[in-house]
Amino acid sequence: MDSDERLLALLRADEFVSGEAIAGALGISRAAVAKRVGELRKRGFDIAAAPRRGYRLDALPDALSADVVAARLTTAWLGRAWRHLARVESTNDEAATWARAGAPAGAVVVADEQTLGRGRLGRRWHSPPGASLYLSAVLRPPLAPHRVPPLTLAAGVAVAEALVQFDVAPALKWPNDVLVDGKKIAGILTEMSADLDRVHHVVSGIGVNLNVRAFPEELAAIATSVAIVRGTTVARAEFAAALCARLEHWHDRFVADGAAPVAAAWRQHARFFGKRVQVTAGRDRMEGVAEDLDEDGALRLRLDDGRTLRVVAGELAIAADAT
Ligand code: BT5
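Everything in this summary refers to the structure shown in the same document. (Residues numbered from 1 in each chain as written. Predicted model: local features only at pLDDT ≥ 70, side-chain atom pairs only at ≥ 80, totals over all residues. Heavy atoms only, no water.)

The strand order across the open sheet built from five strands is E13-E12-E11-E10-E14, with neighbouring strands paired in antiparallel fashion. Each end of this open sheet is capped by a strand with a single partner; those strands are strand E13 (308-311) and strand E14 (315-318). In this sheet, neighbouring strand axes are inclined to one another by 45 degrees on average, regardless of whether the strands run parallel or antiparallel. Pairing of strand E11 (residues 284-293) with strand E12 (residues 299-303), which is carried by five bridges, proceeds in the antiparallel orientation. By the bridge assignment for E12, Ala290 is matched with Leu301. (Pairing = 2+ DSSP bridges. Helix = DSSP H or I, 4+ residues; strand = E, 2+ residues; numbered from the N terminus. Axes fitted to C-alpha atoms, helices over the stretch in contact; angles between N-to-C directions.)

Surrounding the ligand, one finds 28 residues, the nearest of these being Ser90, Arg118, Arg120, Arg123 and Lys184. Note that a nitrogen atom of the ligand is positioned 3.1 Å from one of the side-chain N or O atoms of Thr91. When the ligand is considered free in solution it has 800 Å² of accessible area, and contact with the protein chains removes 92% of it. Among the detected pockets, the ligand sits in the largest pocket. Among the elements of the structure, helix H5 (91-100), strand E5 (133-139), strand E8 (183-194) and strand E9 (199-208) are those that each provide at least two residues to the shell around the ligand. Broken down by class, the residue content of the shell around the ligand amounts to nine nonpolar, 13 polar and six charged. (Near = heavy atom within 4 Å. Polar contact = N/O pair within 3.5 Å; in protein donor to acceptor, adjacent residues only side chain to side chain. Areas by Shrake-Rupley, 256 points an atom, 1.4 Å probe, with all protein chains shown as cover. 1 Å grid on protein atoms, 1.4 Å probe; cavity = no way out; pocket = protein on both sides within 12 Å on 5 of 7 lines; lining within 4 Å. Sits in = over half its atoms within 2 Å of the grid points. Nonpolar A, V, L, I, M, F, W, Y, C, P; charged D, E, K, R; others polar.)

We now examine the layout of surface pockets. Considering only enclosed or pocket space, the largest pocket measures out at about 700 Å³ in volume. Around the largest pocket, the lining is made up of 37 residues, and of these Trp125, Asp177, Lys184, Gly187 and Ile222 lie nearest the centre. Where the lining of the largest pocket is concerned, the elements lending two or more residues are H5, E5, strand E7 (177-180), E8, E9 and E14. The greatest single-element share of the lining of the largest pocket, amounting to five residues, is contributed by E8. Here the lining of the largest pocket is built from residues that sort into 14 nonpolar, 14 polar and nine charged. One number sums up the size of the second largest pocket: a volume of about 560 Å³. Counting only elements with at least two residues in the lining of the second largest pocket, the list comes to helix H6 (150-165), E8 and strand E10 (276-281). Broken down by element, the residue count for the lining of the second largest pocket peaks at five residues, all from E8. The residue makeup of the lining of the second largest pocket, split by class, is 15 nonpolar, seven polar and four charged. (Points joined across faces, edges and corners; volume = space filled by probe spheres on them.)

What follows covers the packing of helix H1 (residues 3-10) against helix H2 (residues 19-26). It is the contact of H1 with H2, at a shortest axis distance of 10 Å, that shows an interaxial angle of 140 degrees. Taken together, the axis directions place H1 and H2 in an arrangement best described as oblique. Like other packed secondary-structure pairs, H1 and H2 cross with a definite hand, here right-handed. On the side of H1, the interface is formed by Arg6, Leu7 and Leu10, while H2 contributes Ile22, Ala25 and Leu26. (Parallel < 35°, antiparallel > 145°, perpendicular 65-115°, else oblique. Left-handed = near helix turned anticlockwise from the far one by under 90°. Contact = heavy atoms within 4.5 Å.)

In this model, Trp174 is joined to Pro175 through a cis peptide bond whose omega is -5 degrees. The residue Pro175 is located in the loop between strand E6 (171-173) and E7 in this model. Here Arg52, not a glycine, exhibits a phi torsion of approximately 65 degrees, which is positive. Counting through the fold element by element, Arg52 comes out in the loop between strand E1 (46-50) and strand E2 (54-59). Look at Leu121: it is not a glycine, yet its phi comes out positive at around 50 degrees.

Those residues of helix H10 (residues 259-268) lying buried are Ala259, Pro261, Val262, Ala263, Ala265 and Trp266. Each element contacted by the buried residues of H10 is listed here: H6, E6, helix H9 (236-257) and E11. (Buried < 20%, exposed > 50% of the residue type's maximum accessible area, 1.4 Å probe, protein only.)

Moving on to the nonpolar core. Counting 85 residues, the largest nonpolar core has Leu133 and Phe239 as its most contacted members. With residues near it in sequence (within four places) discarded, Leu133 still touches Leu64, Val110, Ile206, Gly207, Val208, Leu210, Phe239, Ala240 and Leu243. Ala81, Ala95, Ala99 and Ala103 belong to the second largest nonpolar core, which has 10 residues in total. (Core = buried A, V, L, I, M, F, W, Y, C linked by side-chain atoms within 4.5 Å.)

In this structure the tally under the stated criterion is 27 salt bridges. Taking the shortest distance from any N to any O, the salt bridge between Glu315 and Arg123 comes out at 2.8 Å. Of this pair, Glu315 sits in strand E14 while Arg123 sits in the loop between strand E4 (108-114) and E5, and the two are 192 residues apart along the sequence. Looking at Arg123, the relative accessible area reads 36%, which means it is partly exposed. Ionic pairing is found between Arg267 and Asp292, a salt bridge with its closest N-O pair at 2.6 Å. Here Arg267, found in helix H10, pairs with Asp292, found in strand E11; they are 25 residues apart in sequence, far enough to count as distant. For Arg267, a relative accessible area of 28% gives the class partly exposed. It is possible to trace a salt-bridge network through shared partners that takes in Arg267, Asp292, Asp294, Asp296, Arg300 and Arg310. (Salt bridge = Lys/Arg side-chain N within 4 Å of Asp/Glu carboxyl O.)

Here is the structure:
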């Protein structure tokens, strides 16, 4: 930890910490504490100071650097190794490279901008600079490769719960979309490197539209953001820290208890069950009623002839106003 990180780790959001206590913990004078607080304020930290009570950290600057995020991070392991890049092709690629070079479980790569942000199947993820969260976490679940897929559901639940903390009510759409008012606010791209019987690493890539106010024409009708939905912006670091906490929770729950609790939580945030949907999987197109989610994340679809199909991958289109 550098000295700013140590000072930030001592400051609290909910109560004042006395200058004397901070000075004691850092082994510096109270005047030096005041000077360092002044420097943090210049970097955009909103720090309240009250005579005889001390200092309180009211808001973070809108930056994603390690010290800013660490001031809010409550996790045991996820996000404790942190790389922040101004501009990158794809945070998923950076995280995979870092994983191959030995990144610890929970290592996170974030970027202010992606020049080649990726969706699934070679699609693009619109990743303009400075306004949103592009985050990739290196995970090393102690599971056989075929048991890994529900991690995408776990990430979906984590994103949904983080959004709820910021007053946004999302709906999960199978398999990896997070929607508000039927428009996409976040997407998840899970990538795995494995042998047949051993996982090397998983990269959980999460893009959340936070402070974007306008989208390019081709996305305007299908995309939304936290700022559009709430009317106010959010500090990206606050959101990143909340997301890391929920992702760690659901990862650990999945590893400890299997996919059932993850699938149950996922269902609670989904609103398309019981609705009529079309599913495209490769060249196949199917239509029916979305019945349920199997524990492994497969969608159970009831066809019009009464048969039930398990769909493991594909695209879902929901009949109008069913999201
Ligand atoms: C996804 O793909 O939804 C996965 C997106 C994952 C992005 C993160 S950002 C951090 C990490 N690094 C990466 O390079 N990727 C991950 P998919 O289900 O294939 O959806 C892609 C489709 O969503 C596109 O074809 C567009 O229609 C739409 N789209 C693209 N950018 C969008 C945006 N910013 N907001 C909403 N929709 C978008």
